[in-house]
Amino acid sequence: MINEKLPKIWYGGDYNPEQWEKEDWDEDVRMFKLAGIDVATLNVFSWALNQPDEETYNFAWLDEQIDRLYQNGIYTCLATSTAAHPAWMAKKYPDVLRVDFQGRKRKFGGRHNSCPNSPTYRKYAEWMADRLGERYKDHPGVLIWHVSNEYGGYCYCDNCAQSFREWLEEKYENLERLNKAWNTRFWGHTFYDWDEIVPPNALSEEWNGDSTSFQGISLDYRIFQSDSLLECFKLERDVLKKHTPNIPITTNLMGTYKELDYFKWGKEMDVVSWDNYPAYDTPESFTAMRHDLMRGLKSGQPFMLMEQTPSQQNWQSYNSLKRPGVMRLWSYQAVARGADTVMFFQLRRSVGACEKYHGAVIEHVGHENTRVFRETAALGKELAKLSDTLLDARIQAKVAIVFDWENRWATELSSGPSKALDYVNEVHKYYAALFGENISVDMIGVDEDISKYEVVFAPVLYMVKTGYANKVKEFVQNGGTFVTTFFSGIVNEHDLVTLGGYPGELRDLLGIWVEEIDALPPEEKNQIVVKKEAGSLTGSYECSLLFDIIHSEGAEVLAEYGSDFYAGTPVITCNSYGKGKAYYVGTCPDTEFLKDLVKTVCEEKGVKPLLNVPKGVEVTERSKDGFAYLFIMNHNSSVIEFEISEGTDLLTGDEFNGTVSLDGYGVMIIKK
Amino acid sequence: MINEKLPKIWYGGDYNPEQWEKEDWDEDVRMFKLAGIDVATLNVFSWALNQPDEETYNFAWLDEQIDRLYQNGIYTCLATSTAAHPAWMAKKYPDVLRVDFQGRKRKFGGRHNSCPNSPTYRKYAEWMADRLGERYKDHPGVLIWHVSNEYGGYCYCDNCAQSFREWLEEKYENLERLNKAWNTRFWGHTFYDWDEIVPPNALSEEWNGDSTSFQGISLDYRIFQSDSLLECFKLERDVLKKHTPNIPITTNLMGTYKELDYFKWGKEMDVVSWDNYPAYDTPESFTAMRHDLMRGLKSGQPFMLMEQTPSQQNWQSYNSLKRPGVMRLWSYQAVARGADTVMFFQLRRSVGACEKYHGAVIEHVGHENTRVFRETAALGKELAKLSDTLLDARIQAKVAIVFDWENRWATELSSGPSKALDYVNEVHKYYAALFGENISVDMIGVDEDISKYEVVFAPVLYMVKTGYANKVKEFVQNGGTFVTTFFSGIVNEHDLVTLGGYPGELRDLLGIWVEEIDALPPEEKNQIVVKKEAGSLTGSYECSLLFDIIHSEGAEVLAEYGSDFYAGTPVITCNSYGKGKAYYVGTCPDTEFLKDLVKTVCEEKGVKPLLNVPKGVEVTERSKDGFAYLFIMNHNSSVIEFEISEGTDLLTGDEFNGTVSLDGYGVMIIKK
Amino acid sequence: MINEKLPKIWYGGDYNPEQWEKEDWDEDVRMFKLAGIDVATLNVFSWALNQPDEETYNFAWLDEQIDRLYQNGIYTCLATSTAAHPAWMAKKYPDVLRVDFQGRKRKFGGRHNSCPNSPTYRKYAEWMADRLGERYKDHPGVLIWHVSNEYGGYCYCDNCAQSFREWLEEKYENLERLNKAWNTRFWGHTFYDWDEIVPPNALSEEWNGDSTSFQGISLDYRIFQSDSLLECFKLERDVLKKHTPNIPITTNLMGTYKELDYFKWGKEMDVVSWDNYPAYDTPESFTAMRHDLMRGLKSGQPFMLMEQTPSQQNWQSYNSLKRPGVMRLWSYQAVARGADTVMFFQLRRSVGACEKYHGAVIEHVGHENTRVFRETAALGKELAKLSDTLLDARIQAKVAIVFDWENRWATELSSGPSKALDYVNEVHKYYAALFGENISVDMIGVDEDISKYEVVFAPVLYMVKTGYANKVKEFVQNGGTFVTTFFSGIVNEHDLVTLGGYPGELRDLLGIWVEEIDALPPEEKNQIVVKKEAGSLTGSYECSLLFDIIHSEGAEVLAEYGSDFYAGTPVITCNSYGKGKAYYVGTCPDTEFLKDLVKTVCEEKGVKPLLNVPKGVEVTERSKDGFAYLFIMNHNSSVIEFEISEGTDLLTGDEFNGTVSLDGYGVMIIKK
Ligand SMILES: [Zn+2]
Ligand SMILES: [Zn+2]
Ligand SMILES: [Zn+2]
């Protein structure tokens with residue numbers, strides 16, 4: 001349980017009373033109660049209010065808010081306010097300001113705007129956390145610490161440059177090893193002095209954000225910047241922990257956000273929390289994947305849904321409303337995948353600045369007679385009824401998908417073979433196929449123990465880190481099924497090619513040699529022609545973009561290309577290795593193929609869908625204390641029917657046995 | 001009359017004899033006379049010639065040109081040459097150079113390139129105007145002053161930053177009020193010292209030119225920069241006025257140009273002038289709207305068409321020629337909508353630099369045997385015949401459309417609900433519907449008296465400034481018809497939301513409450529289903545992009561949505577208020593709907609088309625001394641026919657009574 | 001012969017042993033021998049290795065490599081390593097770093113990154129060449145000098161600014177002439193002091209890379225930067241020449257690369273070399289045109305194919321493999337058009353950094369059992385058999401196409417009439433028509449003697465330099481056929497319009513006056529209606545984009561426009577002038593028209609296709625010592641047949657007489 005003080009699914013969200021007059025506060029509390037809200041995130045962006053100048057700290061307003069809420073039964077998720085420095089600090093200490101990718105020193109503005117290696121920022125952020133910890137360590141209303149907010153963005157300033165050099169010296173010890181790791185003899189970039197190294201941005205090695213002349217330095221800079229921000233988090237965390245060893249600490253993450261290696265971050269947090277903002281055209285499977293990824297950061301431990309909008313966003317191109325029922329549906333989707341909280345941004349809509357058209361529980365109209373409020377209050381009632389039933393319940397997946405940020409960076413920094421290759425998209429294709437079958441999946445990092453799984457997918461496992469190939473081999477040796485794809489096994493963790501033939505360290509496991517990689521524009525199609533039917537795989541499928549030219553070195557050839565000069569050569573292979581199997585998908589297949597592939601490999605290992613349901617219906621299972629809770633979520637707008645053997649709906653108390661119908665956007669939680 | 005010295009429609013344009021040899025000058029004059037040209041704009045870009053260094057002024061060349069032209073019957077529109085500083089000034093006083101949106105200090109180059117808050121620029125620009133005023137104050141050839149040229153562009157330099165702070169202090173008096181107006185507690189941007197405020201650009205609060213974290217500062221910076229350039233205009237104007245209180249002063253504007261609040265500018269000018277450059281695909285209605293807008297800057301007072309091309313432009317993507325007859329047609333379109341001059345850029349095509357492929361009266365071939373010259377000369381003859389008949393004639397519109405630059409800026413700076421919302425396009429849709437019906441329209445600012453109109457349209461009246469809601473209510477109370485749309489009544493002049501329910505201050509007038517605003521991608525369509533037929537409104541229409549979810553609070557529901565979860569809820573409403581009516585259009589309708597809407601509301605108020613004519617024929621009316629002059633302009637390339645009761649064509653002297661035919665691109669001016 | 005030491009078609013490529021361990025070197029040599037490789041390009045990017053600090057030079061590694069290769073029968077193409085400065089130099093002497101188009105001072109990174117006017121760069125680059133010349137002047141393994149690498153890119157730093165001013169003073173002598181040439185009175189840009197002139201970039205006169213306010217300064221800056229880099233080349237060349245007067249010197253060019261005036265460069269090189277990198281969708285005719293252009297730089301002298309990929313590239317969007325046979329086919333295409341070498345980038349694939357996915361003779365797998373290696377080795381054997389047969393053989397073209405970089409720059413810098421006008425595309429359209437007919441073409445500069453040709457095409461000869469019109473007139477007077485197009489004869493070499501009527505100096509030769517130029521968006525089509533059938537020209541064709549409105553002043557009107565207001569006016573004309581003819585194409589015609597046009601004008605002059613072959617088959621002829629060598633290259637993937645009177649295939653020894661068949665991607669070299 002995140003905090004035993006509130007033994008239920010937390011319900012609430014960001015709250016900024018400091019933007020409002022005292023007369024609004026009572027109205028807020030009245031409506032929070034109506035809506036069943038029991039947690040409010042305070043102090044997210046109040047640094048300038050808390051510290052109006054270098055010497056002065058002012059927390060009276062915060063004392064008052066925490067007290068007032070607590071007295072009304074509402075706990076505080078207490079933020080540290082360090083996600084945007086005060087204007088006075090930017091003016092007095094310009095080192096807090098970042099230098100951007102274009103090499104431009106920024107001026108005061110925006111948020112998430114502090115250089116992570118700024119001495120000033122680090123000093124004052126730590127002091128702020130220290131003062132907050134000291135002040136509120138014994139307050140009964142404080143449920144959890146929310147450090148900073150949505151960490152992100154990179155800096156390229158001179159302080160970062162200097163810290164980068166120190167970080168590199170720590171990592172490589174000497175320049176000879178660094179030069180080797182970065183292959184600097186290419187284009188004569190050999191460094192003879194640490195000071196010759198400059199951050200890779202648009203003034204030096206990079207362009208267009210994702211293009212670089214030297215993958216080595218670019219990859220290291222991403223790791224370094226992610227680490228630098230993580231250092232900032234840890235600074236605050238450690239000082240808070242000193243004051244309140246028993247209050248959990250989090251910071252809100254952003255799903256598949258590119259710039260931070262969240263697996264490293266997850267390890268440092270007591271509980272993972274994240275902000276879920278699907279766009280009007282985001283597939284449900286993509287949201288589901290992000291929930292599973294967030295759950296994976298701490299190996300399955302329940303997480304917090306820290307933010308979602310009750311209705312609409314403001315920063316999309318087209319900010320569509322969540323249709324009636326959809327906010328509830330998506331809230332349960334989070335819970336269904338491991339969330340133990342349902343929280344919003346935000347509780348009251350702001351009156352000015354750039355987020356004023358972002359939905360809130362209390363809209364600009366200010367009263368409770370709105371569709372959004374009614375839906376919020378109805379959900380609040382339901383969550384109250386659920387009490388602590390689901391808290392800490394775990395998902396038992398037998399299938400995992402590997403996701404790795406450094407691999408992602410390396411893939412996206414690669415010059416060639418195809419600009420169309422997008423790591424997250426490729427991973428999502430496999431996830432979506434499993435999602436479509438309602439097979440539970442863990443999204444795991446490369447440090448995760450994989451022996452507990454039956455099937456592990458590692459799409460585009462381009463970078464194979466030290467020891468990882470052996471871990472996978474042991475897994476397969478012992479009977480596991482491993483599935484990987486084109487552009488895997490190519491490089492080590494420095495983005496240096498593993499010589500001797502692709503897929504490098506995975507070559508004997510997969511029983512193949514990839515001689516060449518063809519890359520064609522998206523409109524050029526080839527075919528995956530099944531040679532030997534296996535499970536659901538039969539006939540012919542389409543494929544495109546990348547085409548490995550493969551020699552079997554022992555693997556069974558499941559399918560061959562249908563055309564081009566490599567027609568009749570292997571495209572899908574399966575190698576028996578020890579007690580297990582290793583599959584290789586040498587191209588970008590269509591969704592039909594992926595559907596049949598995941599069915600085939602899962603069935604082989606006895607991994608089955610959680611329930612047979614119509615298309616568009618999502619099913620997950622959380623279990624606890626010997627009970628299983630089956631979440632059935634209808635993403636269709638119309639009613640559907642399906643069969644269920646037996647069970648009781650937690651939400652309605654209805655007992656089922658046979659044909660069940662579920663409304664459009666409806667949700668059931670069947671206890672078995 | 002702009003200047004009684006030349007009591008006819010002025011005919012001429014920009015002339016740069018300083019770019020040519022003496023031997024060309026006589027040829028110029030010979031051809032000007034052939035073409036009926038009687039006014040030449042001199043000295044637009046001659047600062048470097050006039051002032052070769054800090055100490056020296058040299059006007060001999062200008063004396064000679066003004067004299068020479070005057071002796072040949074050609075008046076001078078005398079520019080002040082301050083639209084591009086000399087290279088020596090940029091080198092010696094870099095404060096004249098701007099800092100751009102990206103935060104880059106510019107170097108010498110281009111034009112319209114001076115920082116409006118540069119002490120050097122202000123000093124020397126004023127001195128230049130002073131010397132010109134002093135020198136030519138008694139010259140009989142000088143018809144009008146043309147200050148600078150096409151003011152525009154923003155600067156973000158330190159001088160501007162400092163001036164901005166002073167401007168803000170003037171406006172807000174104290175930081176508390178500023179912090180409140182900008183809602184700086186959002187994201188902790190509270191300012192404790194004026195010096196902490198920096199200009200909002202790509203280094204601070206903005207990106208992509210139109211995106212901002214803080215609408216408040218961004219809006220104020222636009223007002224401030226528009227004001228700063230206006231200060232520069234006023235500096236020159238005042239010193240010229242001192243020398244020549246009776247010579248009118250103008251500067252050439254650019255229609256719907258985004259960066260300057262032309263309603264403020266119009267107030268400071270004796271006569272409005274503007275440069276009309278439609279692209280190959282600009283609708284005629286859009287040009288018409290810009291003419292009407294320019295006329296509206298001074299509440300209907302005739303304006304100057306300062307520039308148009310006789311044939312083609314150079315800076316469009318595809319610089320198509322004006323088809324034979326089109327230059328004449330478009331010249332009369334200007335006159336038809338209030339212009340008392342027809343002037344070109346330029347009289348002779350330049351031999352080098354970036355405008356050499358811009359059309360001119362005298363082309364590179366240098367003689368008069370060109371289509372362009374023949375058409376120019378033919379028009380010159382016609383204008384001479386018209387003499388002073390049309391001068392000062394006014395357009396009597398009973399319909400107005402509100403246009404407001406601050407509202408436009410706020411709308412375009414808004415984050416959400418839809419990136420597809422474009423203020424000028426939305427206004428133009430309503431204008432185009434009225435244009436299609438040949439109903440005269442005034443384009444008015446928010447300071448305009450509206451009691452004189454029958455119908456006032458205010459599309460996307462997002463920002464309702466202090467007092468404006470009352471003005472509109474009084475108008476409707478007294479019997480007027482008011483039409484507004486989605487995204488109206490939302491904010492006050494600081495872009496702070498009017499709390500308590502949209503459309504804010506207009507809510508009781510409109511008799512509705514807008515609970516939510518849905519935004520969908522352009523391909524998603526809904527329907528406007530007419531519930532109660534009114535006037536021409538019947539059946540069903542398409543709509544898209546934005547969809548207000550409306551509750552009637554007394555308004556009659558004219559139409560409802562046809563689909564989506566708000567099917568059957570109001571989309572078009574009409575509220576009776578006092579003696580008048582207030583219409584609300586809750587979505588972006590198709591053109592058929594707008595056509596039927598404007599017909600309906602105009603017919604209700606007895607406002608009728610000026611004449612029944614075929615499609616593609618534009619009709620306006622100017623009146624003076626008891627006579628009405630009906631302009632009939634055929635934008636089709638082929639001949640059309642229509643009925644006219646009686647009248648005489650000013651251009652041919654033909655008298656009409658019954659069926660009339662008009663050639664493709666033809667024009668008639670019927671005196672009644 | 002490039003160097004008589006190796007009297008055969010050189011075969012090899014870039015080789016970077018310094019990126020590899022000693023143990024790899026023997027394997028490299030073993031495989032080079034297997035592949036018939038006899039030349040390796042060393043030292044391209046080894047500056048940092050050669051000179052680890054300011055004082056130290058270290059060539060031991062290079063001694064060892066050159067020796068080792070030579071002992072194994074492999075010659076060295078010895079690069080000077082100055083294409084990327086060492087990191088220590090950038091740190092110690094920032095003047096070596098460029099300022100980019102955006103005005104940003106760059107930091108260390110990338111390649112081709114040195115300011116050409118940096119005193120430090122010039123000093124150390126010259127010293128490096130001096131040391132290399134001194135050290136290797138007597139080494140028998142050194143075949144040729146390869147100065148720097150792929151010169152390119154512009155710099156806008158203060159050193160460049162100062163050098164630019166000096167360069168301008170040299171060119172114009174005084175500011176009066178410069179002001180006149182740049183037409184600076186336009187927009188008041190008159191310069192009174194050389195120091196007022198700043199480089200034209202995004203901070204001053206230019207934007208978007210190709211847009212400018214002043215074509216004069218922008219054109220001069222391009223010439224100046226091309227000259228500055230050429231100065232760098234000459235510095236190294238001269239010092240090398242001093243040491244080794246008999247070893248040829250080259251630098252590798254890049255075909256139609258925009259930024260350098262390669263005709264000037266060709267004059268300074270002993271032999272032209274270039275890097276041929278077609279994308280997956282580059283037409284064969286475009287590659288052929290670039291080969292012909294490279295041959296034209298030294299008036300037909302054979303050139304070197306310095307780089308091509310054996311398989312795929314890494315920096316295209318989609319890096320497709322060269323299909324089996326295509327590498328051979330394209331290698332012969334180079335030889336067929338004048339190359340006396342076939343060389344690759346590179347011999348061994350790098351293990352890290354941005355080119356590791358670029359194909360190489362030795363792939364990452366490291367052995368010879370790859371398709372790529374097999375094809376490389378097979379070609380090596382063939383080239384060995386060809387011995388010196390083809391060396392120095394020349395192409396005898398009777399048709400030339402004029403290509404001029406300054407004209408290209410001026411065309412692309414032009415503001416108006418159409419953004420769709422692309423000089424290289426327009427030239428290629430004419431080239432492609434001739435290529436389709438297998439008519440030999442020389443791509444020539446404006447300095448070339450044209451009296452030797454029967455037909456000269458000069459598409460978009462916008463800029464007519466001093467004396468060029470007379471040269472063309474003399475050519476036509478003596479019986480030649482000249483073909484030019486719209487937007488020709490417009491300006492002189494300063495981009496100042498030739499007044500008095502387009503096409504300026506070409507007007508009497510062409511017998512026409514172009515009164516106006518219409519420009520329409522690409523979707524707007526007109527027709528070329530043949531009025532008088534001539535040769536293959538008959539019926540009607542489509543045209544678009546630009547439409548000259550033409551008056552014949554003696555020229556015969558071959559075709560007229562089919563529509564728009566200039567329907568029935570001339571579009572294609574032919575003027576008899578002396579013994580010859582001058583054709584004018586007043587629009588952008590479709591490919592059918594161009595095909596018929598080139599057939600017509602060539603047939604008139606007795607210029608015939610080299611052979612009648614099916615579509616997709618390329619034919620060229622090189623001749624030497626009284627023999628003709630007909631290259632027949634099948635770009636189709638399937639077999640084709642054609643007739644040949646007699647001849648022997650150099651590659652197979654087969655003798656032919658009658659019907660011959662040629663495999664898909666097959667090549668024949670018929671000796672006659
Ligand atoms: Zn930093
Ligand atoms: Zn400024
Ligand atoms: Zn430079």
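Residues numbered from 1 in each chain as written. Chains lettered and ligands numbered in written order. Predicted model: local features only at pLDDT ≥ 70, side-chain atom pairs only at ≥ 80, totals over all residues. Heavy atoms only, no water.

Chain A appears in an unreviewed UniProt entry as Beta-galactosidase from Metabacillus bambusae. In its Sequence similarities (unreviewed entry) section, UniProt records this for chain A: "Belongs to the glycosyl hydrolase 42 family." (UniProt positions renumbered as here; feature names shortened; annotations may be inferred.)

This next bit is on the interface of chain A and chain C. Residue-level contacts link 55 residues of chain A with 50 residues of chain C. Buried surface at the junction of chain A and chain C, both sides included, amounts to about 4,600 Å², of which 56% is carbon and sulfur. Three residues, Arg 185, Trp 187 and Leu 203 of chain A, lead the burial of chain A against chain C; their summed loss comes to 16% of the area buried on that side. The interface formed by chain A and chain C includes 5 salt bridges. Ionic pairing is found between Lys 356 of chain C and Asp 495 of chain A, a salt bridge with its closest N-O pair at 2.5 Å. The interface formed by chain A and chain C holds 32 residue pairs in polar contact (both at pLDDT 80 or more) in total. Residue contributions to the side of chain A that touches chain C peak at 6 residues, all from strand β16 (residues 512–519) of chain A. Residues that form the side of chain A that touches chain C fall into these classes: 27 nonpolar, 15 polar and 13 charged. (Contact = heavy atoms within 4.5 Å. Buried area = accessible area lost by both parts, 1.4 Å probe. Salt bridge = Lys/Arg side-chain N within 4 Å of Asp/Glu carboxyl O. Polar contact = N/O pair within 3.5 Å; in protein donor to acceptor, adjacent residues only side chain to side chain. Helix = DSSP H or I, 4+ residues; strand = E, 2+ residues; numbered from the N terminus. Nonpolar A, V, L, I, M, F, W, Y, C, P; charged D, E, K, R; others polar.)

Placing chain A over chain C gives an RMSD of 0.0 Å and needs a rotation angle of 120°, together with 0.0 Å of translation along the axis. What the superposition gives is, in effect, a three-fold axis relating one chain to the other. Scanning chain A for the C-alpha nearest the rotation axis identifies Arg 104 of chain A, at a separation of 5.3 Å. (Least-squares fit on C-alpha atoms with pLDDT ≥ 70 in both.)

This part takes up the side chain of Asp 100 of chain C. All names here are of chain C. Secondary-structure assignment places Asp 100 in the loop between α4 (87–92) and α5 (119–136). A polar contact is formed between the side chain of Asp 100 and the backbone nitrogen of Gln 102, at a distance of 2.9 Å. Excluding anything up to four places from it in sequence, Asp 100 contacts Arg 106, Tyr 156 and Asn 201.

This brings us to the coordination of the zinc ion (ligand 2). All names here are of chain B. The zinc ion (ligand 2) binds to the protein through Cys 115 (SG), Cys 155 (SG), Cys 157 (SG) and Cys 160 (SG); the donor distances cover 2.2 to 2.3 Å. Considering all 4 donor atoms around the zinc ion (ligand 2), angles at the metal cover 100 to 118° and the coordination shape is tetrahedral. Sequence spacing among the residues donating to the zinc ion (ligand 2) works out to C-x39-C-x1-C-x2-C. Note that Cys 115 is positioned in the loop between α4 (87–92) and α5 (119–136) and Cys 157 in the loop between β4 (142–146) and α6 (158–172), a separation of 42 residues in sequence. The exposure class assigned to Cys 115 is buried, which follows from its relative accessible area of 0%. (Donors = N, O, S within 2.8 Å, 3.2 Å for Na, K, Ca; no water. Tetrahedral: all angles 85-135°; square planar, octahedral: opposite > 155°, others 65-115°. Buried < 20%, exposed > 50% of the residue type's maximum accessible area, 1.4 Å probe, protein only.)

With that settled, the discussion passes to the interface of chain A and chain B. Taken residue by residue, the interface counts 50 residues in chain A and 55 residues in chain B. Counting each side, the surface lost to burial between chain A and chain B is near 4,600 Å², with a carbon and sulfur contribution of 56%. On the chain A side of the interface with chain B, the three residues burying the most area are Phe 108, Tyr 318 and Tyr 357 of chain A, jointly 15% of the side's total. Inspection of the chain A/chain B interface yields 5 salt bridges. Asp 564 of chain B is paired through a salt bridge with Arg 323 of chain A; the nearest N and O atoms lie 2.8 Å apart. Linking chain A to chain B there are 31 residue pairs in polar contact (both at pLDDT 80 or more). Mapped by element, the contributors of at least two residues to the side of chain A that touches chain B are α2 (47–50), α4 (87–92) and α12 (371–386) of chain A. Ranked by the residues each element gives to the side of chain A that touches chain B, the list is headed by α4 of chain A, at 3 residues. Tallied by class, the residues present in the side of chain A that touches chain B amount to 21 nonpolar, 16 polar and 13 charged.

For the rest of this paragraph, the subject is the side chain of His 243 of chain A. Residues and elements named next belong to chain A. Mapped onto the fold, His 243 is located in helix α8 (residues 215–243). For His 243, a relative accessible area of 16% translates into the label buried. Setting aside residues no more than four positions away along its own chain, His 243 makes contact with Asp 130, Gly 133, Glu 134 and Lys 137.

As a further point, take unusual backbone geometry. Cis geometry marks the peptide bond from Phe 345 of chain B to Gln 346 of chain B, where omega comes out at 0°. With respect to the secondary-structure elements, Gln 346 of chain B resides in the loop between β11 (339–344) and α12 (371–386). One non-glycine residue with positive phi stands out, namely Asp 392 of chain B, at about 70°. With respect to the helices and strands, the residue Asp 392 of chain B is situated in the loop between α12 and β12 (399–402). Even without being glycine, Trp 187 of chain C reaches a positive phi, approximately 55°. In this structure, Trp 187 of chain C sits in the loop between α7 (175–181) and β5 (206–207).

This next bit is on the coordination of the zinc ion (ligand 1). Octahedral metals with six donors have ideal donor angles of 90 or 180 degrees. Tetrahedral metals with four donors have an ideal donor angle of 109.5 degrees. All names here are of chain A. For the zinc ion (ligand 1), the protein coordination sphere consists of Cys 115 (SG), Cys 155 (SG), Cys 157 (SG) and Cys 160 (SG), at 2.2 to 2.3 Å. Around the zinc ion (ligand 1) sit 4 donor atoms, and with donor-metal-donor angles ranging over 101 to 117° the site reads as tetrahedral. A relative accessible area of 0% places Cys 160 in the buried class.

Moving on, we come to the packing of helix α1 (residues 22–35) of chain A against helix α3 (residues 60–71) of chain A. All names here are of chain A. Contact geometry of α1 with α3 gives a least axis separation of 11 Å together with a crossing angle of 30°. Accordingly, the angle class assigned to the pair α1 and α3 is roughly parallel. Considering the relative orientation of α1 and α3, their crossing is right-handed. Facing α1, whose interface residues are Lys 22, Trp 25, Val 29 and Phe 32, α3 presents Glu 64, Gln 65, Arg 68 and Leu 69. Taken together, the residues of the contact of α1 with α3 sort by class into 4 nonpolar, 1 polar and 3 charged. (Axes fitted to C-alpha atoms, helices over the stretch in contact; angles between N-to-C directions. Parallel < 35°, antiparallel > 145°, perpendicular 65-115°, else oblique. Left-handed = near helix turned anticlockwise from the far one by under 90°.)

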